[in-house]
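Secondary and tertiary structure notes
Each chain is listed here by its residues.
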Amino acid sequence: MKLHSIIVSGAVAISALATPVLGKDWKTATITLEGAYAPWNMTNADGTLGGFEPELAKVLCERAKIECKLVASDWDGMIPALNAGKFDVIMDALSITEERKKIIDFTVPYAATPAAFATAKDSPLANAAGTGVTIKMTPGQTGVKEIDALKEAFKGKTIGIQAATVYAKFVYDNFGSIAEIREYKTGADRDLDLQNGRIDLGFDDAVYFNNAFASANDTLAFTGPEIAGSIWGEGEGLGIRKEDTDLRDKFSEAIKSALADGTVKTLSMKWFKVDVSPQ
């Protein structure tokens, strides 16, 4: 799901308990998640991490025969912190993109999801052209009639996005010239402003928004088409340092196994109510 300034952001405070990375035989590994991107991952009342990805991580670590420790860290510093050895794996709806591949390596994808705009149900922007339809786009694609229609409808409005995500880049590239873009540290902060009318629209992962709508007491809804395709990369995968090819391969085999036997589908239906398995 997420891109752009994450690549150049400085490392932030991460758990000091991260495992050293040199000379490992990969009997143990530390996985970081945001802990604030429900239902992908969240922080439970007791401080533990829950959601789709923590449950999938348990399965993957068992199949890879690795004892894993899950820690929470800030989203926008994850890639620099990974390369600095603060932890071994990023698992946070991280979209596999060509730009990120220059910095880190990835496993095969374990999910692939569309993105969409959301607004208040009683907003004049509700039910924009294409609502209920899914379109596919490629990186850098222009002249898409559905996007051109949204540009006209959203002119002069305020669009909220989570900073340092692949979705932020899309909104800046396509709507930056016609709308005010407001960045937020977390999706939840953006959603609160959307619910309270401080911004007009939000843009994010569609399955994330489905959960957010429930948290907002059903006052928010999708508007315009859902956007899928290679514009978001190959899907969501585990981010791993380039030198740790053995760890990458262990987790890739575990993901393939979990996809083949339906485990990913089962967990995604539990948490998202739709199958997010990559096609």
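Residues numbered from 1 in each chain as written. Predicted model: local features only at pLDDT ≥ 70, side-chain atom pairs only at ≥ 80, totals over all residues. Heavy atoms only, no water.

Here we look at the overall build of the protein chain
Within the protein chain one finds nine helices and 14 strands. A compact globule built from 279 residues should have a C-alpha radius of gyration of about 19 Å, and the protein chain, at 18 Å, falls within 12% of that. Buried positions account for 53% of the 279 residues belonging to the protein chain. Of the contacts made within the protein chain by residues no fewer than 6 positions apart, 74% connect residues no fewer than 24 positions apart. (Helix = DSSP H or I, 4+ residues; strand = E, 2+ residues; numbered from the N terminus. Rg over C-alpha atoms; globule rule 2.2 N^0.38 Å. Buried < 20%, exposed > 50% of the residue type's maximum accessible area, 1.4 Å probe, protein only. Contact = heavy atoms within 4.5 Å.)

Quick notes on the state of the cysteines
One pass over the full model with this rule turns up one disulfide. Disulfide pairing places Cys 61 opposite Cys 68 at an S-S distance of 2.0 Å. Residues Cys 61 and Cys 68 are joined through a disulfide that is left-handed, its torsion about the S-S bond being -100°. Overall, the relative accessible area of 25% leaves Cys 68 in the partly exposed class. (Disulfide = S-S within 2.5 Å.)

Quick word on the packing of helix H6 (residues 187–195) against helix H7 (residues 206–215)
The contact between H6 and H7 brings their axes to 11 Å, and the two run at 55°. Judged on the interaxial angle alone, H7 and H6 are oblique. The hand of the H6/H7 crossing is right-handed. On H7, the residues touching Gly 187, Ala 188, Arg 190 and Asp 191 of H6 are Tyr 208, Phe 209 and Ala 212. When grouped by side-chain class, the residues that make up the contact of H6 with H7 number four nonpolar, one polar and two charged. (Axes fitted to C-alpha atoms, helices over the stretch in contact; angles between N-to-C directions. Parallel < 35°, antiparallel > 145°, perpendicular 65-115°, else oblique. Left-handed = near helix turned anticlockwise from the far one by under 90°. Nonpolar A, V, L, I, M, F, W, Y, C, P; charged D, E, K, R; others polar.)

Some thoughts on the sheet that holds strand E6 (residues 89–90)
Judged by pairing direction, the sheet is mixed, and its five strands sit side by side in the order E5-E1-E6-E14-E7 without closing on themselves. Every other strand in the sheet has two partners, leaving strand E5 (67–72) and strand E7 (105–106) as the edge strands with one partner each. Sheet topology places E6 next to strand E14 (residues 239–240); two bridges connect them, and they run antiparallel. Residue pairing in the sheet places Val 89 in a bridge with Ile 240 of E14. Sheet contacts for helix H1 (residues 52–64): strand E1 (28–33) and E5; angle to E1, the most-contacted strand, approximately 165°. (Pairing = 2+ DSSP bridges.)

Section: the packing of aromatic side chains
Within this structure, the stated rule accounts for 19 aromatic pairs. An angle of 50° between the planes, with centres 5.8 Å apart, marks the rings of Tyr 208 and Phe 209 as tilted. Its relative accessible area of 4% is what places Tyr 208 among the buried residues. The class of Phe 209 is buried, set by a relative accessible area of 0%. Note on Phe 213 and Phe 222: the rings are 4.9 Å apart at their centroids and 70° apart in plane angle, and the pair reads as edge-to-face. Joined through ring pairs, the aromatic side chains of Phe 117, Phe 154, Tyr 167, Phe 170, Phe 175, Phe 203 and Trp 232 make up one cluster. (Phe/Tyr/Trp six-rings, centres within 6.5 Å; stacked < 30°, edge-to-face > 60°.)

A closer look at the pairing of strand E10 (residues 158–162)
Residues in a regular strand point their side chains to alternate faces of the sheet. The element E10 is extensively covered by neighbouring structure, given that five of its five residues are classed as buried. With burial as the criterion, each face of E10 is covered, one bearing Thr 158, Gly 160 and Gln 162 and the other bearing Ile 159 and Ile 161. Bridge count for E10 against strand E11 (residues 180–184) is five bridges, and the pairing is parallel. The partner of Ile 159 across the bridge, within E11, is Ile 181. Crossover E10 to E11 through helix H5 (residues 166–175) is right-handed. Bridge count for E10 against strand E12 (residues 201–205) is two bridges, and the pairing is parallel. Considered in E12, the bridge of Ile 159 is made with Leu 201. (Right-handed = clockwise from strand over helix to strand, strands pointing away.)

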